[in-house]
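Structural overview
As a plain string of letters, each chain reads:
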Amino acid sequence: MRRLVVLGLALAASAIPALAGEVRAPASLLSPDLRALQDDPSRHPGWLWVDGGEALWREAPRSGRPSCQSCHGPIDGMRGVAARYPAVASDGALLNLETRIERCRTDNQQAPAFGYESEALLSLTAAIALRSRGLPVAVETDGAAAPHVEAGRRFYETRQGQLNLSCGQCHDENVGRRLRGDVISSGVGTGYPAYRLEWNTLGSLHRRLRACSLGVRATQLPYGAYDYVALELYLAARARGLPVESPGIRR
Ligand code: HEC
Ligand code: HEC
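Residues numbered from 1 in each chain as written. Chains lettered and ligands numbered in written order. Predicted model: local features only at pLDDT ≥ 70, side-chain atom pairs only at ≥ 80, totals over all residues. Heavy atoms only, no water.

Labelled according to an unreviewed UniProt entry, the protein chain appears under the name L-cysteine S-thiosulfotransferase subunit SoxA, originating from Phreatobacter oligotrophus. What UniProt records for the protein chain under Sequence similarities (unreviewed entry) is the sentence "Belongs to the SoxA family." Under the Subunit (unreviewed entry) heading, UniProt states for the protein chain: "Heterodimer of SoxA and SoxX." (UniProt positions renumbered as here; feature names shortened; annotations may be inferred.)

See the structure below:
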């Protein structure tokens, strides 16, 4: 296979042509096996979390406290919600789906936060995101959201870490090329939370972003950090119109 040394990293040219400027659905770059697995709930390990999330949705945190369902009705009513997140809440805070759920947990259920990357929060996030599967990403980018999109764009375009690379140097300029066994995608979050075989578990988009930060030897931000949520919004703005794929399957 032809090898190209770009960015100081060995990138192998693959059969998939890189189309400059085009943001591709991650599923279009998955191997046929992974794509089949992603499409098959009976074999997709992420459904363990979906089932757990659906059970949590109906459960009261303790007696006298409302379940998610008692305020929101059946979880199918969450159709389309994940496609609109991250979004600006009524108090002006930028929330992604995880931090939105945590806010309901602490403020509306008056129960201790689940914790980012906890099994419970991943499960609820996956079960809610599933209700948007196949729907086009439709985040708001104007009005109150605009400065956050701009902050995310700046983060995306800034060269970072010891390797001094911006996100786009991989996820725009080298889409379709191979890097350490992976096919570089457009770097959108439409498949998250995703079950990653390397993790052997379901993980959030922020876990994936931390892996990319580490990959360029930059500081890994904490889960839920504002800069990652703004970045997540910018990624969703780039992905507008692409289908939500979560829960995804990744290598
Ligand atoms: C006491 C009632 C109540 C409970 C219990 C509650 N929520 Fe909420 N939830 C709300 C309200 C009210 C809003 C809208 C807040 C707003 O728009 O500022 C909301 C908003 C949301 C949203 C965003 C919806 C959208 O269209 O943007 C999600 C997702 C959500 N809740 C999930 C949950 C989950 C998961 C639980 C259980 C862990 C839960 N909620 C428990 C009242 C509740
Ligand atoms: C050195 C190249 C490189 C850089 C720089 C990089 N990534 Fe990645 N990223 C990868 C590789 C390789 C993967 C795994 C294959 C894939 O899905 O693209 C990945 C995966 C991802 C994914 C998951 C896509 C999916 O569907 O599973 C997202 C989202 C992402 N990157 C965003 C970013 C963001 C945002 C930045 C900048 C902060 C960034 N990446 C920087 C190489 C890079």
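In this section: the coordination of the iron atom of ligand 2. At 2.0 to 2.3 Å from the iron atom of ligand 2 lie its protein donor atoms, namely His-171 (NE2) and Cys-212 (SG). Seen from the iron atom of ligand 2, its 6 donor atoms lie at angles of 86 to 178°, and the figure they make is octahedral. One end of the pair, His-171, is in helix H7 (residues 167–171); the other, Cys-212, is in helix H8 (residues 205–215), with 41 residues separating them in the sequence. Here Cys-212 falls in the partly exposed class, since its relative accessible area comes to 32%. (Donors = N, O, S within 2.8 Å, 3.2 Å for Na, K, Ca; no water. Tetrahedral: all angles 85-135°; square planar, octahedral: opposite > 155°, others 65-115°. Helix = DSSP H or I, 4+ residues; strand = E, 2+ residues; numbered from the N terminus. Buried < 20%, exposed > 50% of the residue type's maximum accessible area, 1.4 Å probe, protein only.)

Close to ligand 2 lie 23 residues; Cys-167, Cys-170, His-171, Tyr-192 and Cys-212 are nearest. Contacts to ligand 2 include Tyr-192, whose side-chain N or O atom sits 2.6 Å from an oxygen atom. Arg-250 has a polar side-chain atom sitting 2.7 Å from an oxygen atom of ligand 2. Of all the secondary structure elements, the ones that give two or more residues to the shell around ligand 2 are H7, strand E6 (182–183) and H8. If one sorts the elements of the shell around ligand 2 by residue count, H8 sits on top with 4 residues. (Near = heavy atom within 4 Å. Polar contact = N/O pair within 3.5 Å; in protein donor to acceptor, adjacent residues only side chain to side chain.)

On to the environment of Arg-103. Among the secondary structure elements, Arg-103 is positioned in helix H4 (residues 97–108). Look at Arg-103 and you get partly exposed, because its relative accessible area is 22%. Placed 17 residues apart in sequence, Arg-103 and Ala-120 show a C-alpha to C-alpha distance of 14 Å. Other than its neighbours up to four places away in sequence, Arg-103 contacts Ala-89, Asp-91, Ala-93, Leu-95 and Asn-108. (Contact = heavy atoms within 4.5 Å.)

On to the domain arrangement of the protein chain. Domain parsing of the protein chain yields domain 1 (24–40 + 137–250) and domain 2 (47–130). A separation of 22 Å is found between the C-alpha centroids of domain 1 and domain 2. Listed per partner, the contact involves 24 residues of domain 1 and 21 residues of domain 2. Carbon and sulfur atoms make up 72% of the area that domain 1 and domain 2 hide from each other, which totals about 1,800 Å². Here domain 1 is connected to domain 2 by 0 salt bridges. At the boundary of domain 1 and domain 2, one finds 5 residue pairs in polar contact (both at pLDDT 80 or more). Looking at the side of domain 1 that touches domain 2 element by element, the count peaks at 5 residues for helix H9 (residues 226–238). By residue class, the composition of the side of domain 1 that touches domain 2 is 15 nonpolar, 7 polar and 2 charged. (Domains from an automatic or database assignment. Buried area = accessible area lost by both parts, 1.4 Å probe. Salt bridge = Lys/Arg side-chain N within 4 Å of Asp/Glu carboxyl O. Nonpolar A, V, L, I, M, F, W, Y, C, P; charged D, E, K, R; others polar.)

Here the focus is the nonpolar core. The nonpolar side chains of soluble globular proteins are, as a tendency, buried together. Ranked by internal contacts, the top residues of the largest apolar core, which has 29 residues, are Val-137, Leu-209, Tyr-228, Leu-231 and Leu-233. Broken down by element, the residue count for this core peaks at 8 residues, all from H9. Apart from residues no more than four positions distant in its own chain, Leu-233 is found in contact with Pro-86, Leu-94, Val-139, Glu-140, Ala-145, His-148 and Val-149. Core analysis: the next-biggest nonpolar cluster, separate from the first, contains 16 residues, Ile-75, Val-81, Tyr-85 and Leu-97 among them. (Core = buried A, V, L, I, M, F, W, Y, C linked by side-chain atoms within 4.5 Å.)

This next bit is on the coordination of the iron atom of ligand 1. Every protein donor of the iron atom of ligand 1 is listed here as His-72 (NE2) and Cys-104 (SG), and their distances to the metal cover 2.0 to 2.2 Å. Coordination at the iron atom of ligand 1 is octahedral: its 6 donor atoms span angles of 88 to 178° at the metal. Of this pair, His-72 sits in helix H3 (residues 68–72) while Cys-104 sits in helix H4, and the two are 32 residues apart along the sequence.

What follows is about unusual backbone geometry. That bond from Tyr-192 to Pro-193 is cis: its omega, 0°, falls within 30 degrees of zero. In this fold, Pro-193 is placed in the loop between E6 and strand E7 (194–196). With an omega of -5°, the peptide bond between Ser-246 and Pro-247 qualifies as cis. When you line up the elements, Pro-247 lands in the loop between H9 and strand E9 (248–250). In this model, Asn-200 sits at a positive phi of 65°, which is unusual for a non-glycine residue.

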